[in-house]
Amino acid sequence: HMVTSDFEPLDARMALPCFDEPTLKATFTTTIVRPTTGYIALSNMPEARTYPYGAGLTAVEFQKSVKMSTYLLAFIICDFKYNETTTNNGIRIRIYSAPHLINNTGFATYTAKAQMEYFNIQTALPYNLPKSDMIAIPDFNSGAMENWGLVTYRESLLLYDPVTSSVFNKQRIAVVIAHELVHMWFGNLVTLAWWDDLWLNEGFASYLEYAGVHAVYPDWKIMDQFLPGDFFRIMARDALISSRPISALSDTPAAIKQMFDAITYSKGAVACRMVNFILGDTGFRNGYRAYLKKYEWSNANTMQLWNSLSEANNNRINMVDVMDPWVRQKNFPIITITQNGNQATASQKRFLIDDSSATGTGADFSTYGYKWYVPFNFITSSNTNTPVSAWLNKTSVNFPYPANGWMKANVGQYGFYIVNYPEQNWNRLQAALEQNVNVLQSDDRAGLINDAFILARAGVVRQSLALGMTKYLSKEKAYAPWTSALGSLGYFDTVLSMRPSYGDFKTYMINLIRGRYNDLGWADTGSHLDRYSRSDFLLWVTRLNYNVAIQEAKKIYNNWMVNNTSIHPNIRTRVLRAGIAAGGVREWDFAWNKFLTTESASEKSALMYALAFSRTPWILNRYLQRAMNGSLVRSQDTLSVVRYVSGTTLGRPIAWNFFQANWDTLYNRYSQVTFGLSRAIETLTSAFATDYQLQEVQNFFNTAKGTDAISSSKNTILENIKSNIDWLKKNEADVAAWLAANKNVV
C-alpha cells in the first residue's frame, strides 16, 4: 500500500497552492503525516525530525529543499524496504522497492552509484543534495520521473532479477537510471525557462544516457545502438509535414503535455550528438560545463545554451548560426549529389515523404526558409580513412568527384540529413558491399540502408534500388546495419501483409536472414550485442512463421509448460510469442496464469506482450476485456496490451474496434498520461493503407469526445495512413516485380 506524487509538467498545482511554472523556483519545507507503525514517508530531502500527530499518526518533517521548480517536488508514503550505498563523495543512494522485491535492487544500486560518480566528473559540478533515493512504483503511468532526491520508476525500469530478467531488461534499467541522473543537472540544477525548450532537459538526457551506460558497461557497446535506437527512428517521424520543430510554442496545458514526444527526446538527442561532433568531445564537454555553471540554480533557454557553447570554445564556431536552424525548423534536408565529370555539387532541399502540402507559409512557415548549416563530409573508394569536409552554409558546395569510383557522404552519420547520389554511385556502393562488407564502417553501412529506404518511400529513388542495398546483408554480422534494414523492411512486412506479393516477400526475407539465424540460434551465447541481435532475428523468423524456427520454439515452450523447464530470459519473449501463436487455449491459459502469479516484473512484461499473439480471435477479445480490469492487468499497462494485440494482421482490426468501442473509458483514464493515448492510436493505425480505413479514422476523430487529448498526433496519424495508401499505389508493382525476380537470389 502506498501513495505517491507525480507532478511534471503541470500537476503540482493539483496538490498544493503554488506558482506552478518552471522559472518560479522556491525552497520547500515538507511535512508528511503517516501511520506511526508499518509505513515510512519520503520526500526530496532527508528527514529532519518526527513528532506525534494524533492517535496512531506521526508527522515527518524534512530538511528544507534546495531551490527548485515546483514540478520536481515529490512525496511518498509506503511500506517499502531499501538497499543502500554511498558514492565516493559521500552521497547516500537508496533503492526502494516493495519488501518482497528487495533482492532485485542490487543491480540498480551498483549502477546508480557508478553512473553518478561518472556524471559528477563529466559535469564538474558534483551532485549537490545529501541523498538520492530511487523507488520502484508498482503501478506508475510514467516510465520514470526525475524528482530531485526522490526519483520514481516503474518496477520494470528499476528492478533486475538475475534469474528472470533478460539482457534487454538489464540494459533498459541502466539506460533509464542514466537518463534520470542526467536530469539532476539538465533539468533540475539548470531548468528550462519555459516548456518550449523541453529538449534542454530531455534531449541532453536522451543523449548523455548513452555515455553514462558506456562508462559503466563498455563491453555492451551501447554507442552502436544510437543510430537505430534514436536517429533512424525519429528521422522517419520527422520526414512528415505534420512534424514540429524541437523547440516549439507551448502556450496551453495541452500543448505543453504534447511536447513530451519523440521529437523532444530523440531528435533532441540527435541535435546534441551533432553539437558533440561539431565541437569535438572536449569542446562539447567544456561547453555544457560552462552552461551548467553559468545557469546553476536558475533557468535557461536554447539561445543561452548556444552562447555558452560558443563562448566556451573561444567563439571559433557561432553555434547560433550553425545549430539554431536545426532546433527551430521541423524536418531535415536531403543533400543531392549531381555529377559533372570529375566535379560534383552537393545541394540541399527540405525533405518530406510527401511534399504536396508544403507551402512554407502559415503553420508551415520557417524563419530560416528550410535551409540548414549542414556539416557535410564524405569519403571515396580511393581513400576511405580520411573524410573530406565541405560544409553547406545554407547553400550548395562543389567538390572533386571520384569519376571511376564511389563516394559515401555523412561519414559516421553525425549529420541529421539524408543523401541521394547518382544511380551509378548507388550501384557501385551496392557492388562494393557485396564484394567486401567491411569497405565501410558499420554506421555508414547502416546509414546507406536507412537513406535508400527513406528516399524510396518518398519516391526519390525506386523501391527496387533500396531493396538492392539489402542483398549484401547475407554477409553482414554487425548490429546497426541489420537493425536499420530490419526496421525498414518491417514497413514492407506491414504494408504488404494483405497483398499478393507478401508470399514472395516472406520467401526473400527467410532467405536473407536464414544465415544469421543459423549463426545465432536459440542458445544464449555471444556478446551483449549478439544477444540483442538474436532477439531481432528470432522475432523475424517467428513473425514470418519460418517452420524450422517455429518447431524449435514450440519444443522449448512445451518443455516449460509440461516439465517446468525454465526459458532463458534473453529468448523468453520470442519463445512465448511463438508458442502462444502456434498453440491454442491450453497454451494461452497456462501463460495467463503465469502472468497473474509471477512476482518478476520482467517476466510479467514478457508474458503480457506474448499473450497478444494468439491466432484465435475470441481469445484476443477476451484478453482485451481482461486488460480493462485493474485487478488483473495494472492500469499502467492497459494501453500496452491494446497496442500489442494490434501487432498482427489478425489482431489489428480486433484491437482497433475495441479501442473505439471503449474510447470513453480509455479517455477518462488516460487523457492526462503523457504519450498514452496518442502512442496507442498511432500504433493501432500504423498499418492502415486503404481509403476506407482513412475515412474510418477521420470519422472517429470527428465524432469521439475529447480527441483534443491527441490533437498533436491527429495530423501525423492521418498523414501516415495517406502515405501508406500512396506508397502502395506508386510502388507495389515495382516491389512485386523485384521480389519475384530476387526472392531466391541471396
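Just above, that's the structure.
All figures in this text were calculated on a predicted structure; none of them were measured in a lab.

1. Let's talk about the sheet that holds strand E17 (residues 377-380)
Now for step 1: The strand order across the open sheet formed by three strands is E18-E17-E21, and the pairing between neighbours is antiparallel. One side of each edge strand has no neighbouring strand; the edge strands of this open sheet are strand E18 (383-389) and strand E21 (407-409). Adjacent strand axes in the sheet meet at a mean angle of 25°, parallel and antiparallel pairs treated alike.
Now for step 2: As paired elements, E17 and E21 share three bridges and run antiparallel to each other. Looking across to E21, one finds that isoleucine 379 is bridged to lysine 408.

2. Section: the packing of helix H8 (residues 302-312) against helix H9 (residues 319-328)
In helix packing, the relevant descriptors are the interaxial angle and the interaxial distance, both defined with respect to the helix axes.
Now for step 1: Two elements in contact, H8 and H9, have axes whose closest approach is 9 Å; the angle formed by their N-to-C orientations is 145°. Note on packing geometry: the crossing formed by H8 with H9 is right-handed. Residues Thr302, Met303, Trp306, Asn307, Leu309 and Ser310 of H8 lie in contact with H9, whose contacting residues are Met319, Val320, Met323, Asp324, Val327 and Arg328.

3. Quick notes on the sheet that holds strand E4 (residues 47-52)
Now for step 1: With respect to topology, three strands assemble into an open sheet ordered E2-E5-E4, the strand pairing being antiparallel. Edge positions in the open sheet fall to strand E2 (31-35) and E4, since each of these has one partner strand only. Averaged over neighbouring strand pairs, the angle between their axes works out to 25° when direction is ignored.
Now for step 2: Inspection of the sheet shows E4 paired to strand E5 (residues 57-62) by five bridges, in the antiparallel sense. Across the sheet, residue glutamate 47 finds its bridge partner in E5, namely phenylalanine 62.

4. Examining helix H25 (residues 691-703)
Now for step 1: Compared with an ideal rise of 1.5 Å per residue, which puts 13 residues at 18 Å, H25 spans 18 Å between its outermost C-alpha atoms and is within 8% of the ideal.
Now for step 2: Residues of H25 that are buried in the fold lie against helix H22 (651-661), helix H23 (663-670), helix H24 (676-684) and helix H26 (711-742).

5. Notes on the pattern of salt bridges
Now for step 1: For the structure on display, the rule yields 30 salt bridges.
Now for step 2: Here glutamate 61 ties to arginine 49 by a salt bridge, and the two come within 3.2 Å at their closest N and O atoms. Here glutamate 61, found in strand E5, pairs with arginine 49, found in strand E4; they are twelve residues apart in sequence, far enough to count as distant.
Now for step 3: Taking relative accessible area as the criterion, arginine 49 reaches 44% and is therefore assigned partly exposed.
Now for step 4: Three or more residues joined by partner-sharing salt bridges are found here, namely Lys477, Arg516, Asp519 and Asp530.

6. Quick notes on the environment of alanine 591
Now for step 1: One can find alanine 591 in helix H18 (residues 585-597).
Now for step 2: Taking C-alpha positions, alanine 591 is 45 Å from asparagine 120, a pair spaced 471 residues apart along the chain.
Now for step 3: Those residues in contact with alanine 591, other than ones at most four positions away along the chain, are Tyr557, Trp560, Ile580, Leu607 and Leu611.

7. Things to note about the environment of methionine 235
Now for step 1: Summarising the element assignment, methionine 235 is placed in helix H5 (residues 226-238).
Now for step 2: Here the alpha-carbon distance between methionine 235 and methionine 628, two residues 393 residues apart in the chain, equals 34 Å.
Now for step 3: In contact with methionine 235, other than residues within four places in its own chain, are Phe332, Phe416, Tyr417, Ile418, Asn450 and Ile454.

8. Notes on the side chain of serine 166
Now for step 1: With respect to the helices and strands, serine 166 occurs in the loop between strand E11 (150-154) and helix H3 (167-183).
Now for step 2: Judged by relative accessible area, which is 4%, serine 166 ranks as buried.
Now for step 3: Not counting residues up to four positions away in its chain, the partners in contact with serine 166 are Tyr160, Pro569, Asn570 and Arg572.

Criteria and thresholds
- Residues numbered from 1 in each chain as written.
- Predicted model: local features only at pLDDT ≥ 70, side-chain atom pairs only at ≥ 80, totals over all residues.
- Heavy atoms only, no water.
- Pairing = 2+ DSSP bridges.
- Helix = DSSP H or I, 4+ residues; strand = E, 2+ residues; numbered from the N terminus.
- Axes fitted to C-alpha atoms, helices over the stretch in contact; angles between N-to-C directions.
- Left-handed = near helix turned anticlockwise from the far one by under 90°.
- Contact = heavy atoms within 4.5 Å.
- Expected span 1.5 Å × (residues − 1).
- Salt bridge = Lys/Arg side-chain N within 4 Å of Asp/Glu carboxyl O.
- Buried < 20%, exposed > 50% of the residue type's maximum accessible area, 1.4 Å probe, protein only.

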